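# A structural walkthrough
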Amino acid sequence: MTAVVDKPKVTPEDLLKLPKDRRYELVDGELVEKPMSALAGAVCAELLFRLGTFLESTRQGTLFSADTGYQCFVKSPDKVRKPDISFIRKERITADLWKQGFIRIPPDLVVEVLSPSDSASETERRVDDYLDAGVPLVWVVQPETRRVYVYRRGGTGLILREQDDLIGEPVLPGFRLPVLEIFRPLEQIREQPSQTK
């Protein structure tokens with residue numbers, strides 16, 4: 001008879017101790033790697049720059065990068081998600097937020113920039129987790145199709161194309177960005193001369 005050995009569950013504390021050279025989320029006690037392609041990384045950096053420039057002038061809150069983990073899921077208290085970009089309004093930032101460990105309150109905005117390895121089902125689960133946790137606004141950016149999927153906590157959403165504007169709605173009042181500009185790194189790739197020998 002063969003004995004089945006259960007794999008020990010990983011805890012949020014274990015996740016904090018892992019080397020920082022790889023991005024992991026923690027789902028159902030298991031590590032889930034979250035790699036980012038070069039294209040997704042360039043698009044993410046462009047959007048982070050645009051949001052950062054806007055927030056530098058408006059001082060509405062704080063942006064967080066992809067290394068920031070959130071442990072704010074009531075149904076799964078040990079779950080840790082790491083959005084590619086997140087934002088918390090300044091009136092919600094307290095001294096407790098800066099304690100070691102993961103952020104325990106849901107952000108006001110989550111941005112996920114998809115890589116080819118991101119499956120539709122996993123992306124849907126991630127969006128559902130954020131909305132269930134109370135995140136009012138989630139943007140899912142798809143570089144390959146040049147679309148932005150907007151999800152709102154109330155269950156409404158929309159699909160934006162290059163000719164549309166991405167707006168901050170009530171979460172980031174005054175923020176407006178043509179979707180085309182999010183994909184500026186793609187234009188730079190097209191403009192590169194071909195390397196022929």
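Provided above is the structure to which this section pertains.
So, a few notes on the structure that sits alongside this text.

## So, the packing of aromatic side chains
Tallied over the full model, the rule gives four aromatic pairs. Summarising the aromatic geometry, the rings of phenylalanine 64 and tryptophan 98 are spaced 6.0 Å apart at their centres and angled 35° between planes, so their arrangement reads as tilted. Of this pair, phenylalanine 64 sits in strand β3 (residues 61–64) while tryptophan 98 sits in the loop between β4 (85–89) and β5 (109–113), and the two are 34 residues apart along the sequence. Aromatic side chains tryptophan 139 and phenylalanine 175 sit 6.0 Å apart centroid to centroid with 25° between the ring planes, which places their arrangement in the stacked category.

## Things to note about the layout of surface pockets
To locate leftover empty space, one rolls a probe as large as a water molecule over the atoms. There is about 180 Å³ of room inside the largest pocket. In terms of lining, the largest pocket is formed by 13 residues, of which the most central are Leu15, Lys20, Arg22, Asp67 and Lys82. For the lining of the largest pocket, a count of residues per class yields six nonpolar, two polar and five charged. Arg92, Thr94, Asp96, Leu97, Lys99, Gln100, Gly101, Phe102, Ile103, Arg104 and Ile105 together form the lining of the second largest pocket. Tallied by class, the residues present in the lining of the second largest pocket amount to four nonpolar, three polar and four charged.

## Side note on the pairing of strand β6 (residues 137–142)
Across the six residues of β6, six count as buried, placing the element largely inside the fold. With burial as the criterion, each face of β6 is covered, one bearing Leu137, Trp139 and Val141 and the other bearing Val138, Val140 and Gln142. Strand direction decides the pairing type here: β5 and β6, joined by five bridges, are parallel. What sits directly across from valine 111, in β6, is tryptophan 139.

## Some words on the environment of proline 35
Mapped onto the elements of the fold, proline 35 is located in the loop between β2 (30–33) and α2 (38–58). Spatially, the C-alpha atom of proline 35 lies 26 Å from that of lysine 99, the residues being 64 residues apart in sequence. When near neighbours in sequence (up to four residues on either side) are disregarded, proline 35 contacts Ser115 and Ser117.

## Re the pattern of salt bridges
As enumerated under the stated definition, the model contains 20 salt bridges in all. Lysine 75 is the partner of aspartate 132 in a salt bridge, and the nearest nitrogen-oxygen pair spans 3.8 Å. Of this pair, aspartate 132 sits in helix α3 (residues 120–133) while lysine 75 sits in the loop between β3 and β4, and the two are 57 residues apart along the sequence. Judged by its relative accessible area of 56%, aspartate 132 is exposed.

How each quantity is defined
The numbers attached to residues start from 1 for each chain and follow its sequence in the written order. This being a predicted model, a pLDDT of at least 70 is required before a residue's local features are given, and a value of 80 or more before pairs of side-chain atoms are given or counted; all residues contribute to the totals for chains, interfaces and linings. As a convention, hydrogens and water are excluded, and side-chain values are obtained from all of the structure's heavy atoms. Stacked, tilted and edge-to-face are the three classes assigned to paired rings of Phe, Tyr and Trp, where Trp is represented by its six-membered ring and a pair needs centres within 6.5 Å; plane angles under 30 degrees give stacked, over 60 edge-to-face, the rest tilted. Strands here are runs of E lasting at least two residues and helices are runs of H or I lasting at least four, both read from the DSSP assignment and numbered beginning at the N terminus. Grid points spaced at 1 Å and placed over the protein atoms alone form the basis of the search, with a cavity being a set where a 1.4 Å probe fits but cannot get out and a pocket an open set showing protein on both sides within 12 Å along at least five of seven lines. Lining residues have an atom within 4 Å of a point. Grid points are joined across faces, edges and corners, and a volume is the space filled by probe spheres set on the points. Classes in brief: Ala, Val, Leu, Ile, Met, Phe, Trp, Tyr, Cys and Pro nonpolar; Asp, Glu, Lys and Arg charged; the others, Gly included, polar. Each residue gets one of three labels from its accessible area relative to the maximum for its type: buried under 20%, exposed over 50%, partly exposed in between, using a 1.4 Å probe on protein chains only. Here the rule is simple: two strands pair whenever DSSP picks up at least two bridges between them. It only takes one pair of heavy atoms within 4.5 Å for two residues to be counted as in contact. A pair is scored as a salt bridge if a Lys or Arg side-chain nitrogen falls within 4 Å of a carboxyl oxygen belonging to Asp or Glu.

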